[in-house]
Amino acid sequence: MSRELMKGNEAVAEAAVRAGVVSYFGYPITPQTELLEYMSRRMPELGRAFVQAESELGAINMVYGAACTGHRTMTSSSSPGVSLMLEGVSYIAGTELPMVLVNVMRGGPGLGNIAPAQSDYNQMVHGGGHGDYRCIVLAPCSVQESIDLTVLAFDLADKYRSIVVLLTDGSIGQMMEACELPPMQPLKTKFADWAVQGAEGRERRFLTSINLDPAAQEEMNYRLLKRWVEVEANEVRYQEYFMEDAEYVVTGFGSSARIALSAVRAARAEGIKVGLIRPITLSPFPKQVYANLSDKVKGMLVVEMNAGQMLEDVMAANRYRIPTEFFARLGGVVPFPDEVLEEIHRMVETPIPTDSHPRDRWFARVMAKG
Amino acid sequence: MQTEVIIAGFGGQGVLFGGQLLAYAGLDEGKHVTWIPAYGPEMRGGTANCTAIVSDEEIGSPLVRYPAAIIAMNRPSLDKYENQVKPGGLLVVNSSMLDRPVKRTDIRVLEVDAGDVAERLGDKRMTNMVLLGALLANLPVLPMSAIENALKVHLPERHQRLLPKNFEALREGAKYKVN
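Residues numbered from 1 in each chain as written. Chains lettered and ligands numbered in written order. Predicted model: local features only at pLDDT ≥ 70, side-chain atom pairs only at ≥ 80, totals over all residues. Heavy atoms only, no water.

Caption draft 1: Structural context of the sheet that holds strand S10 (residues 248–251) of chain A. All names here are of chain A. In space, the 5 strands of this open sheet follow the order S9-S11-S10-S13-S14, with mixed pairing throughout. Pairing within the sheet leaves two strands with one partner each, and these edge strands are strand S9 (238–241) and strand S14 (324–328). Going across the sheet, the axis of each strand differs from the next one's by a mean of 20°, ignoring polarity. Note that S10 and strand S11 (residues 274–279) share 4 bridges and pair parallel. The partner of Tyr-248 across the bridge, within S11, is Val-274. (Pairing = 2+ DSSP bridges. Helix = DSSP H or I, 4+ residues; strand = E, 2+ residues; numbered from the N terminus. Axes fitted to C-alpha atoms, helices over the stretch in contact; angles between N-to-C directions.)

What follows is the structure in structure tokens.
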């Protein structure tokens, strides 16, 4: 395979094509638009379906219909557009259908701006639509990983009849990097016994998210949970850097993790024994990695481009055992590695208080700077 | 070894393409590369800049505060970026569009009348190539042949006939050396 230089958004689109996506429905929004644009060219070329819907609401409901056929389908958007889709997302979860949703996050809340942010972590990992469902959430940090996780997303969606979210941001979406694309997969020819493609000669199937009988709805919720237990047991993914002898740990996902990696390398060059943990699956969250951190770890720094959304999961995962600090930039501001390095120095040089919340201390520092 | 280059100027000056050429050339040389634009709701005439990184190892942050080199194609870019060049780093400026000298003395400065050179060669739109040539002659990040090859492969079809002129622009730029 040859290496090429591709933009994150376009790489995701081509990866989806090669993973055998048969239909794409979307609506333009920066910083995601290149994905839709690429699909508008590529899908018709292959005789597959591309529809630019009248809105995000239209797009997600078209995905809902397409997913009922058992064929691979997807949509993509950016933060405000994803908010619009969430009713449909819940219906798709309630109908137990596989789909892939790409969210190229931007600054918010509200219309916000078009700069890279990570403030949809809670929305994608802990909620979004109504009802008791979980999405698998994959967080790439490079163009190559965007490709690899897009392919994985379709496989996991099929395997668990689940919604899989590829959670990137404006930075990863707009960036060009060297990458290798996977080979073109043949389209699916075998379909699950729930898929509806015409009932001639067989008993009819019925797909819905309505369950007026609470006991039946409870059964459905049990089914979702049973699948989720399997997902948690089998699909946790993360990456570690310099962890063998680490006395301090920096952790973050996606763009934050890359920025932190630069800072961690600089700190290592100064002789500081610091490592990096990067969750690749935000959901299921790699709880065990944080729970199992050795008592030799004296401090942990969580770095995010939101006000501490993953922070809560990291702290709960290690049962509030390891003294933790927090650093973030908000609203579409991307931190520089030297800012993170400064926070590593603070963590190493001053005792970490355990009687206050890391977010409160970080915010007090921000406010004190003025 | 990692080298970061920011190219900044007006939209339409070939800022983004200049950075992409560095990335393509780095890719062909087997390096790790990232290219990231400062994208915004902007149009021709607005400010534009991009960061290209060429490295021997996996690249961490795609953005750096203090890059090894900066090409400033106009006055607003010089004002914005002069103080960000890493001490000892390289600042290449398009003196054809500047009305003030560079103030820093702790960096290597290369003043190139690139706009005039490009115009003399027949097309002002090659200003970016003159500056890129000057950068490469003074920063051993990639061989000129890699850039020429990247240009050959990635210059849009409709501009392929301009290839020899662009090579000439690169070579003219490469004649400028930091004292």
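Caption draft 2: Highlighting the side chain of Thr-324 of chain A. Residues and elements named next belong to chain A. Residue placement: Thr-324 occurs in strand S14. Residue Thr-324 is classed as buried on the basis of its relative accessible area, which comes to 5%. Discounting residues that sit within four places of it in the chain, Thr-324 has contacts with Met-300, Val-302, Leu-311, Met-315, Ile-352, Pro-358 and Arg-361. (Buried < 20%, exposed > 50% of the residue type's maximum accessible area, 1.4 Å probe, protein only. Contact = heavy atoms within 4.5 Å.)

Caption draft 3: Molecular detail of the packing of aromatic side chains. Residue and element names in this part refer to chain A. The final tally for this structure, using the stated rule, is 6 aromatic pairs over all chains. Seen in terms of ring centroids, Phe-326 and Trp-362 are 5.1 Å apart; in terms of plane orientation they differ by 80°. Their pairing is edge-to-face. Of the two residues, Phe-326 sits in strand S14 while Trp-362 sits in helix H13 (residues 358–369), which places them 36 residues apart along the sequence. A single burial state applies to Phe-326 and to Trp-362, both of which are buried. Every member of this aromatic cluster is reached through a ring pair, and the members are Phe-326, Trp-362 and Phe-363. (Phe/Tyr/Trp six-rings, centres within 6.5 Å; stacked < 30°, edge-to-face > 60°.)

Caption draft 4: Just the pairing of S14 of chain A, in detail. Residue and element names in this part refer to chain A. Within S14, 5 of the 5 residues are buried, leaving the element largely enclosed by the surrounding structure. Where strand S13 (residues 299–304) lies against S14, 5 bridges are found, and the strand directions are parallel. Along S14, the bridge assignment pairs Val-303 with Phe-327. Once you follow S13 into helix H11 (residues 309–317) and on to S14, the crossover reads as right-handed. (Right-handed = clockwise from strand over helix to strand, strands pointing away.)

Caption draft 5: Representation of the environment of Val-165 of chain A. Residue and element names in this part refer to chain A. Take Val-165: it is sitting in strand S7 (residues 163–169). Residues Val-165 and Val-125, spaced 40 residues apart in sequence, show a C-alpha to C-alpha distance of 9.1 Å. Ignoring sequence-local partners within four residues, the contact set of Val-165 consists of Leu-101, Met-124, Cys-135, Ile-136, Val-137 and Leu-138.

Caption draft 6: Representation of the side chain of Glu-56 of chain A within the structure. Residues and elements named next belong to chain A. Inspection of the secondary structure puts Glu-56 in helix H3 (residues 56–68). Within the buried core, Glu-56 has no salt-bridge partner, and the shortest N-O distance to an opposite charge, that of Arg-106, equals 8.0 Å. When sequence neighbours within four positions are dropped, the list of residues in contact with Glu-56 reads Tyr-27, Ser-77, Gly-81, Leu-84 and Met-85. (Lys, Arg positive; Asp, Glu negative; His and termini not counted. Salt bridge = Lys/Arg side-chain N within 4 Å of Asp/Glu carboxyl O.)

Caption draft 7: Expanded view of the interface of chain B and chain A. In this assembly, 23 residues from chain B lie in contact with 26 residues from chain A. Each partner contributes to the roughly 2,000 Å² buried at the junction of chain B and chain A, and carbon and sulfur atoms together form 60% of this total. Together, Leu-27, Tyr-39 and Arg-65 of chain B form the three largest contributors to the area buried by chain B at its contact with chain A, with a combined 31%. Between the two partners, chain B and chain A, sit 3 salt bridges. For Glu-339 of chain A, the salt bridge goes to Arg-65 of chain B, with nearest N and O atoms at 3.8 Å. Elements that contribute at least two residues to the side of chain B that touches chain A include exactly helix H1 (15–28) and strand S2 (32–37) of chain B. A per-element tally of the side of chain B that touches chain A places S2 of chain B first, with 5 residues. A per-class count over the side of chain B that touches chain A returns 13 nonpolar, 6 polar and 4 charged. Pairing geometry for strand S8 (residues 176–179) of chain A and S2 of chain B, over 2 bridges, is antiparallel. Paired with Glu-177 of chain A across the bridge in S2 of chain B is Thr-34 of chain B. (Buried area = accessible area lost by both parts, 1.4 Å probe. Nonpolar A, V, L, I, M, F, W, Y, C, P; charged D, E, K, R; others polar.)

Caption draft 8: Representation of the pairing of S13 of chain A within the structure. Residues and elements named next belong to chain A. Among the 6 residues that make up S13, 6 are buried, leaving the element largely enclosed by the rest of the structure. Residues of S13 alternate between two faces, with Gly-299, Leu-301 and Val-303 on one and Met-300, Val-302 and Glu-304 on the opposite face, all of them buried. Here S10 pairs with S13 via 4 bridges, running parallel. Residue Val-250 lies in a different strand from S13, and its bridge partner there is Leu-301.

Caption draft 9: Region of the structure containing the pattern of salt bridges. Residues and elements named next belong to chain A. Under the definition given, this model contains 36 salt bridges over all chains. Lys-7 is the salt-bridge partner of Glu-34, the closest N and O atoms lying 3.4 Å from each other. In this pair, Glu-34 is assigned in helix H2 (residues 33–45) and Lys-7 in strand S1 (residues 4–7), connecting sequence segments 27 residues apart. Each member of the pair, Glu-34 as well as Lys-7, carries the same accessibility label: buried. Here Arg-227 and Glu-96 are joined by a salt bridge, their closest N and O atoms 2.8 Å apart. With Arg-227 in helix H8 (residues 214–234) and Glu-96 in the loop between helix H4 (79–94) and strand S5 (99–105), the pair connects residues that are 131 residues apart, well separated along the chain. Considered together, Arg-227 and Glu-96 belong to a single accessibility category, that of buried residues. Each of Glu-325, Glu-343, Arg-346, Arg-361 and Arg-365 takes part in a single network of salt bridges with overlapping partners.

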